[in-house]
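A closer look at the structure
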Number of protein chains: 2
Amino acid sequence: MNEFNLIEKYFNWGKLNCDALGVGDDCALISIDSGYQLATSVDTLIENVHFPRDTSPADIAYKALSVNLSDLAAMGAIPKYFTLALTLPEFDKHWLESFSTSLKSLAKKYQIDLLGGDTTKGSLSITINVTGIVPHNKALLRSSAKVDDIIFVSNTIGDAALAWHQIQQGEQPNQRLLTHFNRPEPQIKLGQSLAGIANACIDISDGLEQDLNHILKHSKVGAKINLNNIPLSQSVAAYVKKTDDWCLPLAGGDDYQLCFTIAPNKIELIQVLKKELDIQLSAIGTITKDLDFKRLGEFDQKCSAYQHF
Amino acid sequence: MNEFNLIEKYFNWGKLNCDALGVGDDCALISIDSGYQLATSVDTLIENVHFPRDTSPADIAYKALSVNLSDLAAMGAIPKYFTLALTLPEFDKHWLESFSTSLKSLAKKYQIDLLGGDTTKGSLSITINVTGIVPHNKALLRSSAKVDDIIFVSNTIGDAALAWHQIQQGEQPNQRLLTHFNRPEPQIKLGQSLAGIANACIDISDGLEQDLNHILKHSKVGAKINLNNIPLSQSVAAYVKKTDDWCLPLAGGDDYQLCFTIAPNKIELIQVLKKELDIQLSAIGTITKDLDFKRLGEFDQKCSAYQHF
């Protein structure tokens, strides 16, 4: 099967949501409403780096698009379109069908169109470039945290890291942890709701502490967080109690929850959002003028962050 | 060196041409003037598939961006920004410096900004996603060739394919052929000049005949081309004379010249363009109502096109 048949068969999904033309031309052409800015981001997933070798193609597709959507969520953007660069070791019909079906399903859920791609032969690698739109000057940035802001985290953290830790130990994670690891849910609605409310926002991909520190560095502020307020699932809480390894939730990464800061006088809006979105939002600390990063609680080891090289 | 230092050191090039913000945030934010559509395209280059293992990092960077710019050229678009997903087997300071310097230089030449990226560890692979803008309804498409249009090709074709053929044979291509292979020049100015003049356009990446056939299929027309009018360099002409292997220029690919069709009554504009851009533009055939593709000349073998799988 040549590249054109492959794209036509597996990645031409028919009617588009956005005002676009030209899947199958040299470029895709897209019209954007005035009053919006584009938000764009790219992420690559590689076998044995970002997912274990035996991960199902459906899970790989889900995670590849989801982690990119998470970057749009962190900006408060509305997903519009994405491109896919897929490198495969061989042509495998069943793999492609399963990958394509899962990708299409997630794309449909978040109304994002696949508008272009490239398929090549080589080690398995998936690069997705997502583009969304956000009303002018409403994007959530890392650089706008203010002193005395309250720091929040959505849902729980450490679940994906615990799943990965158990897999590496030869254990079988429970279904809930596996879902967090293989199919993280991008916080698109939360991000859009926070636009115009939160001062700063980031998605937790590299670990809560490292990502929060990006906010601090870009905003030229410090923070103190309280370990007792870090939202943990029962599994992760049990793991931390047993091992005292706080670094797993604090630096494990792969959470794709949002960490955001909000002025104290807007705290009531958080209660409204919790109910509206049926989501857990936990205040874990405050932004300080003092540039240091401080943890309150009984754990003072420095956690080493994941490094790509 | 962690990923953030790597990006800061090698890929943060300072002042941007386009109205954008946020290299280093979750997404880049870009403002687009009204009255334009976006044109976007993605291409991956893989070692030993798209370039030989010993290709210099400067040449790899040049080609990776150039082949993507060529897709913008084929639409008549103005380059605006790109993202880079770079997968490297190891952290190599000299390699990165050379890659980054070459990429920056080409980006500057075509005034396109690097607005985001991802670096991962794995087999060498470069995925670039370019985005340009084109005035509403002025984009050059594959689907608008009209019966009796004259088919043109820019410059010469087959040079990169001959270089690659010689490398595979253990021969050393001359400098001119090597430049065509390693540093193809995207026909950005030509593309922009053709917007509103040409009926259909494509860039020749997979081979003249295969790419021309994309125009025919999308436009629901046929074509006849005359082999005697195919523009060949002296090296390629000598090769064809010696071997009678017309498939090398017709199907070799990697040319990144433009193939476009234009109404007969606009032919004088081509003469103007030739002078203005100091470029070779050769009429190689005509678009026909008859859906067949016909070659006139003394070569009737079917050329098999390059297939990725």
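Being a predicted model, the structure only gives us computed values, none of them experimental.

What counts and how
- Counting starts from 1 at the beginning of each chain's written sequence and moves along it residue by residue.
- Starting at A for chains and at 1 for ligands, labels are handed out in the order in which the entities are written.
- Residue-level local features of this predicted model are given only where pLDDT is at least 70; pairs of side-chain atoms are given and counted only at 80 or more, and the full residue set underlies all totals for whole chains, interfaces and linings.
- Only heavy atoms go into the side-chain values, all of them from the structure, while hydrogens and water stay out.
- Each helix is a run of DSSP H or I of at least 4 residues and each strand a run of E of at least 2, with the numbering of both proceeding from the N terminus.
- We take the radius of gyration over the C-alpha atoms and set the globule estimate at 2.2 Å times the residue count to the 0.38 power.
- When accessible area is computed with a 1.4 Å probe and restricted to protein chains, residues below 20% of their type maximum are described as buried, those above 50% as exposed, and intermediate ones as partly exposed.
- Throughout, a contact is declared for two residues whenever any of their heavy atoms are within 4.5 Å.
- We get accessible surface area from the Shrake-Rupley algorithm with a probe of 1.4 Å; when it comes to residues, only the shown protein chains can shield them.
- Counting rule for charge: Lys and Arg are taken as positive, Asp and Glu as negative, and neither His nor the chain ends is counted.
- Note that the charge is assigned to NZ on lysines, CZ on arginines, CG on aspartates and CD on glutamates.
- The term buried area means the drop in 1.4 Å probe accessible area that two parts suffer when joined, counted for both and summed.
- Put simply, a salt bridge is a Lys or Arg side-chain nitrogen that is within 4 Å of an Asp or Glu carboxyl oxygen.
- Side-chain classes are defined by residue name, with Ala, Val, Leu, Ile, Met, Phe, Trp, Tyr, Cys and Pro counting as nonpolar, Asp, Glu, Lys and Arg as charged, and the others, Gly among them, as polar.
- Defined by distance alone, a disulfide is two cysteine sulfur atoms within 2.5 Å.
- Stacked, tilted and edge-to-face pairs are distinguished by plane angle, under 30 degrees for stacked and over 60 for edge-to-face with tilted covering the rest, among Phe, Tyr and Trp rings (Trp via its six-membered ring) whose centres lie within 6.5 Å.
- By definition, being over a ring means that NZ of Lys or CZ of Arg is both within 6 Å of the ring centre and within 35 degrees of the ring normal.
- When we speak of the arc, we mean the arc of directions from the helix axis to the C-beta atoms.
- Each polar contact in these results corresponds to two N or O atoms within 3.5 Å; when the atoms are within protein, one needs to be able to donate a hydrogen and the other to accept it, and residues that are neighboring in sequence are counted only if both atoms are side-chain atoms.
- By the convention used here, strands pair only if DSSP detects at least 2 bridges between them.
- For a crossover, the right-handed case is the one in which the path from the first strand over the helix to the second runs clockwise, viewed with the strands pointing away from the viewer.
- Fitting a line to C-alpha atoms yields each axis, with helices limited to the stretch in contact; the angle taken between N-to-C directions then spans 0 to 180 degrees.

A word on the overall build of chain A. Looking only at helices and strands, chain A features 10 helices and 12 strands. Taking 309 residues into account, the globule formula puts the C-alpha radius of gyration at 19 Å, and chain A, at 20 Å, falls close to it. By residue count, 57% of the 309 residues in chain A fall in the buried class. Here the analysis covers contacts within chain A between residues at least 6 apart in sequence; of these, 85% occur between residues at least 24 apart. For chain A, the accessible surface area stands at approximately 13,100 Å², while carbon and sulfur atoms represent 47% of it. Charge centroids of chain A, computed over 28 positive and 36 negative side chains, lie 5 Å from each other.

On to the interface of chain A and chain B, then. Contacts between chain A and chain B engage 63 residues on the former and 63 residues on the latter. Of the roughly 5,200 Å² buried between chain A and chain B on both sides combined, carbon and sulfur atoms contribute 58%. Connecting chain A to chain B are 2 salt bridges. Here R142 of chain B and D26 of chain A are joined by a salt bridge, their closest N and O atoms 3.2 Å apart. Tallying contributions element by element places strand β3 (residues 36–46) of chain A first for the side of chain A that touches chain B, with 9 residues. Taken together, the residues that form the side of chain A that touches chain B break down as 29 nonpolar, 23 polar and 11 charged.

Here we come to the state of the cysteines. One pass over the full model with this rule turns up 2 disulfides over all chains. The disulfide that involves C247 of chain A links it to C303 of chain A, with 2.0 Å between the sulfurs. Disulfide C247 of chain A-C303 of chain A: torsion about the S-S bond near -90 degrees, hence left-handed. Separated by 56 residues along the polypeptide, C247 of chain A in helix α9 (residues 247–251) and C303 of chain A in the segment after β12 (293–296) bring together distant segments of the chain. For the pair shown, C247 of chain A and C303 of chain A are each scored as buried. Between C259 of chain B, a free cysteine, and C201 of chain B, which holds the nearest cysteine sulfur, the sulfur-to-sulfur gap is 7.6 Å.

A full pass over the atoms with the stated rule returns 8 aromatic pairs over all chains. When the ring of W95 of chain B is compared with that of F99 of chain B, the centres are 4.9 Å apart and the planes differ by 15 degrees; the resulting orientation is stacked. Of this pair, W95 of chain B and F99 of chain B both sit in helix α3 (residues 93–109), separated by 4 residues, roughly a single helical turn. Here W95 of chain B falls in the buried class, since its relative accessible area comes to 16%. Look at F152 of chain B and F260 of chain B: their rings are 5.5 Å apart centre to centre, the planes differ by 10 degrees, and that puts the pair in the stacked class. With F152 of chain B in strand β7 (residues 150–154) and F260 of chain B in strand β10 (residues 258–262), the pair connects residues that are 108 residues apart, well separated along the chain. Judged by relative accessible area, which is 0%, F260 of chain B ranks as buried. Through successive ring pairs, a cluster of aromatic residues spans F11, W95 and F99 of chain A. Just above the ring of F181 of chain A sits the side chain of K63 of chain A; from NZ or CZ to the centre is 4.2 Å.

Here the focus is helix α5 (residues 175–182) of chain A. Residues and elements named next belong to chain A. The set of residues buried in α5 consists of L177, L178, F181 and N182. The buried side chains of α5 occupy one side of the element, clustering within an arc of 120 degrees when seen end-on. Where α5 is buried, its residues contact α2 (57–75), α4 (159–168) and α8 (234–243). If you check the start of α5, you find a side-chain oxygen 3.1 Å away from the backbone N of R176, and it comes from N174.

Moving on, we come to the pairing of strand β5 (residues 113–121) of chain A. Residues and elements named next belong to chain A. With 8 bridges joining them, strand β4 (residues 78–88) and β5 adopt parallel strand pairing. The residue bridging L88 from the neighbouring strand is K121, located in β5. Following the chain from β4 across helix α3 (residues 93–109) to the adjacent parallel β5, one finds a crossover that is right-handed.

Turning to unusual backbone geometry, a few remarks are in order. In the Ramachandran plot, N48 of chain A falls in the positive-phi region, its phi being about 70 degrees despite a non-glycine side chain. By secondary structure assignment, the location of N48 of chain A is in the loop between β3 and α2. At N137 of chain B, a position not held by glycine, the phi torsion is positive, near 65 degrees. As for its placement among the helices and strands, N137 of chain B is situated in the loop between β6 (125–135) and β7.

Residues and elements named next belong to chain B. Taking strand neighbours across the sheet as the criterion, the 6 strands line up as β8-β10-β7-β11-β9-β12 in an open arrangement whose pairing is mixed. The open sheet is flanked by β8 (200–203) and β12 (293–296), the only strands paired with a single partner. Across the sheet, the mean angle from the axis of one strand to that of its neighbour is 25 degrees, orientation sign disregarded. Bridge analysis of strand β9 (residues 222–226) against β12 gives 4 bridges, and the strand direction is parallel. Bridge assignment links N226 to a residue of β12, and that residue is L296. In the packing of helix α2 (residues 57–75) onto the sheet, the strands contacted are β8 and β10, and the crossing angle to β8 comes to about 175 degrees. Where helix α7 (residues 208–219) meets the sheet, it contacts β7, β8, β9, β10, β11 (281–288) and β12, and its direction lies at approximately 145 degrees from that of β8.

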